[in-house]
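Coordinate analysis (summary)
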2 protein chains.
Amino acid sequence: MSASGSNGLSRRFVLGAFAGLPALPGLLDATAAQAQTGAPLASWNDGPAKQAILDFVRVTTDPSSKDFVPPEERIAEFDQDGTLWVEHPVYTQVVFCLEHVPDLVKARPELKNREPFKTVLSGNREAIAKLSMRDFFEIMLGTQSGMDVEAFREISRKWLARAKHPRWDRPYTELVYQPMIEVLNYLRANDYRTFIATGGSAGFVREYAEKVYGIVPEQVAGTEQAFKYGYDKEHRPILTREPKMVLNNLEAGKIENFWLMYGRRPYAAFGNSSSDDQQMLEYVKAGSGARLSVAVLHDDVKREYAYGPAQGLPNTSVGAFSQEMYDMAKKQYWTIISMKDDWKRIFAFE
Amino acid sequence: MSASGSNGLSRRFVLGAFAGLPALPGLLDATAAQAQTGAPLASWNDGPAKQAILDFVRVTTDPSSKDFVPPEERIAEFDQDGTLWVEHPVYTQVVFCLEHVPDLVKARPELKNREPFKTVLSGNREAIAKLSMRDFFEIMLGTQSGMDVEAFREISRKWLARAKHPRWDRPYTELVYQPMIEVLNYLRANDYRTFIATGGSAGFVREYAEKVYGIVPEQVAGTEQAFKYGYDKEHRPILTREPKMVLNNLEAGKIENFWLMYGRRPYAAFGNSSSDDQQMLEYVKAGSGARLSVAVLHDDVKREYAYGPAQGLPNTSVGAFSQEMYDMAKKQYWTIISMKDDWKRIFAFE
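Here goes a summary of the coordinates provided.

Thresholds applied
- Residues numbered from 1 in each chain as written.
- Chains lettered and ligands numbered in written order.
- Predicted model: local features only at pLDDT ≥ 70, side-chain atom pairs only at ≥ 80, totals over all residues.
- Heavy atoms only, no water.
- Helix = DSSP H or I, 4+ residues; strand = E, 2+ residues; numbered from the N terminus.
- Buried < 20%, exposed > 50% of the residue type's maximum accessible area, 1.4 Å probe, protein only.
- Contact = heavy atoms within 4.5 Å.
- Areas by Shrake-Rupley, 256 points an atom, 1.4 Å probe, with all protein chains shown as cover.
- Polar contact = N/O pair within 3.5 Å; in protein donor to acceptor, adjacent residues only side chain to side chain.
- Pairing = 2+ DSSP bridges.
- Expected span 1.5 Å × (residues − 1).
- Least-squares fit on C-alpha atoms with pLDDT ≥ 70 in both.

1. Description of the overall build of chain A
Scanning chain A from N- to C-terminus turns up 15 helices and 7 strands. Buried positions account for 62% of the 350 residues belonging to chain A. Across chain A, every contact between residues at least 6 apart in sequence was considered, and the portion connecting residues at least 24 apart equals 70%. Entry remark: accessible area of chain A is about 13700 Å², with carbon and sulfur atoms responsible for 51%.

2. Let's talk about the side chain of Gln93(B)
Residue and element names in this part refer to chain B. Examined against the element boundaries, Gln93 turns out to sit in helix 3 (residues 92-99). Here Gln93 falls in the buried class, since its relative accessible area comes to 10%. Here Ser201 takes part through its backbone nitrogen, which lies 2.6 Å from a polar atom of the side chain of Gln93. Beyond its immediate sequence surroundings of up to four residues, Gln93 is in contact with Met140, Gln144, Gly200, Ser201 and Phe204.

3. What to know about the pairing of strand 5 (residues 268-271) of chain A
Residues and elements named next belong to chain A. Side chains of strand 5 alternate between two faces, with Ala268 and Phe270 and Ala269 and Gly271 buried alike. In terms of strand pairing, strand 1 (residues 75-78) meets strand 5 through 3 bridges, oriented parallel. By the bridge assignment, Ala76 is partnered in strand 5 with Ala268. By the bridge criterion, 4 bridges tie strand 5 to strand 6 (residues 292-297) in an arrangement that is parallel.

4. Comments concerning the environment of Asp277(B)
Mapped onto the elements, Asp277(B) comes out in helix 13 (residues 274-285). Only 2.7 Å separates the side chain of Asp277(B) from the side chain of Lys254(B), close enough to count as a polar contact.

5. Re helix 13 of chain B
Residue and element names in this part refer to chain B. Relative to the 16 Å expected for 12 residues at 1.5 Å per residue, helix 13 spans 16 Å between its end C-alpha atoms, a close match to the ideal helical length. Most of helix 13 is tucked away, with 10 of its 12 residues classed as buried. Within helix 13, burial applies to Ser274, Asp276, Asp277, Gln278, Gln279, Met280, Leu281, Glu282, Tyr283 and Val284. Its side-chain oxygen placed 3.3 Å from the backbone nitrogen of Ser275, Ser273 serves as the N-cap of helix 13.

6. Focus on the relation of the copies chain B and chain A
Superposition of chain B onto chain A requires a rotation of 180° combined with a translation of 0.0 Å along the rotation axis, giving an RMSD of 0.0 Å. As the rotation angle and translation indicate, the two copies are arranged about a two-fold axis. For chain B, the smallest separation between a C-alpha atom and the rotation axis is recorded for Glu218(B), amounting to 3.0 Å. The share of interface residues of chain B whose copies in chain A are also at the interface is 100%, consistent with both copies meeting through the same surface.

Encoded structure:
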C-alpha cells in the first residue's frame, strides 16, 4: 500500500488473518510506559509545540501562577488513533473486527449474503474501503455481541498478541508515538491524570492501555455497546455484550461522554481528526484559565504517513484533518504538532 | 423522627431548606480519608466479618497463594448510600433534589400544579414519602437539567457545604462510616483500586468523593443523565445537562454500567440494599478464584438505624434489605456485617 495516504484496506492483512494464525502465548510485547527520567520530552525538537506543552505545565502547576490548577483538577485527555498510535491505513480496531467476521458468519450463516458482511468476506479491498462508519459499527456490534464479557477480554488479548501491522511487521501495540509517551509521562510527573477518549470500543482499548500507555481501565472512555445481566443454564450469573450502541464517542459525543464518565472539563486535550476530536479540542480550549488543545498533523510521508486535507496534504477517510479544523486551530490558539518538524523520532524502536 | 426505620421524609429538613439557608463559604467540612496507620480495621470488633476481609486480602495479594490476583486486576466496588454513609431517613441526594424544586418552579411556573412537583411543594411529609423512585428520577431530571455542567458542580458544592443531617446536625459528608473508611484504606494499601457504584447521580457524588473517601471522579459510577454539546449566544461552546436518563445504576444496571465504564469484574463488592446491590454482590461472588461480597445489615437502632426486613427488622422504603437477599447471602457465602456487633464505632466524630 502507498505510504502517502492510502484509504484502502490492505488485502494482505485481512486475508492473512482469515488464515487463522495461532495465538501467541504470554503477555503483550509492547512498549511499556517508562517513568520520566532526565530532561522531559527528549524525543521532541525544540520549537513552538514543545514549548507550548512545557509552558502549559509550568503555569498550571506553579502555586504562584495566576493559572495554577489544584492537583485534583489536573486532567488531560488524549484521542488514541492517530494521536497516540498509528491509524493508517485503517483503524486497528476495524482490522480486529473485520478479522472476526468469518467466525461470526460461521455462527450465523444467514449473515453471509447480507451487507456489510458480504463485502467483508469478498476480500475486495476497494469495496471494503468504501464501507461507511455505520457499516463498521454494524460489524463491530455483530462481531462483539452475544458473548460473555470475559470471553471478549480473552479474544481481544489473543488478537493483540498475534496481530501485526502490515508495514512495520510489528504488533500494533509497538506502533505508539514515543514523543506522546513522553508527554503522558511528563504530565503524570506533574500530577496530571491522563485519559484516553477514543472513537473505538473502550473494552478493546482497556486490554492494553495500562501496559502500553500507563492508563488504567477507568481512564479509558470510548464507544461502547450495551451489557446485559442474566443467568446461564446452570443458573450462574453472566454478563453478555448486546448488539446495541450505548455510547457513541465521536464528534460531540467525545466530550459529552467524557462528562458522563468523569464530570470534569480537561485542562489539556490532544487529538488529530476533524470528525473525531474537533469539539473536544474546542471545548477544552474554551475553559477558564490556561488550557492546552493540541492537534497532531500527519505530515511525515517518510517516517509515518501524510494526510490532511489540511495544508494540502492528501485527503483520506481515516483520521482526516480538515483545513477548516486547521483554521479553527489557528484562530483559537491551539497548538499544532508537525510530526515531520517537531518529533526527533516517531517510535521507540527506531 | 423515629430511629427505628422511619420511611417518611422529615418535614423539618425539607421545610428548613425551603427557608433558604445561606451558603457556607470554604471547603467541605468532611472526614478526609486518612492513610492507614497501625493495625488495620481498628474500628472493627474481632469476628467473622473482620476476619473475612483480612483473609480475602491475604489470599489475593500473597504471590504464593493459588488465589493471587495481579495488582492491575485488584478492583473493589462500593455502594454508597447505606454502605459508606447514612441513607436514613431519606437518601441525601433526594434531599438535595427536593430542596431545589422551589428554584425549578420559579423558573418554570407551569410545574407548580403538576405532580410530583405539586406534592413536594405541599410539604406534606406523608405524601412525599409515598413518591416512587420514578417520581424522584423525574424530580432529579427536572432540578438538574437545562443548566451548564460547571454551574451544576457549583450548586452541588454549595449545598454540600451548608446542608446538615437533621438527627446529628452535621454535614452529610461527616456521616460516613468510619469502619468502611478503614476498609477503603486497607484495600488501597494492598494495591486495590476502590470504586463507588451508586444509584444516585454520579455528578453529585464526584463533588465530594475524593475528599471524603479518597475516590477520584473516574472511580465513581452512578445514575446519570444526558449531556448536550452546543453554543451560547456568544458562540462559546457549552455543555448542558439534559432531561433524559442515560445510565440507570440500580439493580442489574449497577453491574452492567460497571462493565460499560471499567470493563472489569470486581474482586470485592460491598452493598446493603436488595433493590440496589443484590445483582452486584451476586455477580462479583460468582467470579473465579477468591471473591468477597459483603452486605451491611443495619441492625443498630441506638447508634444509627435498624431496618430490614431481613431478620425481622422493620421494613422501610429506603435501603430495604430483604429476607430473600439475606438467604441468598448465606447460600452464596457472602459476608454479612452486623453494624451492632461488628463495629466498635460508627462515625469518626464519636
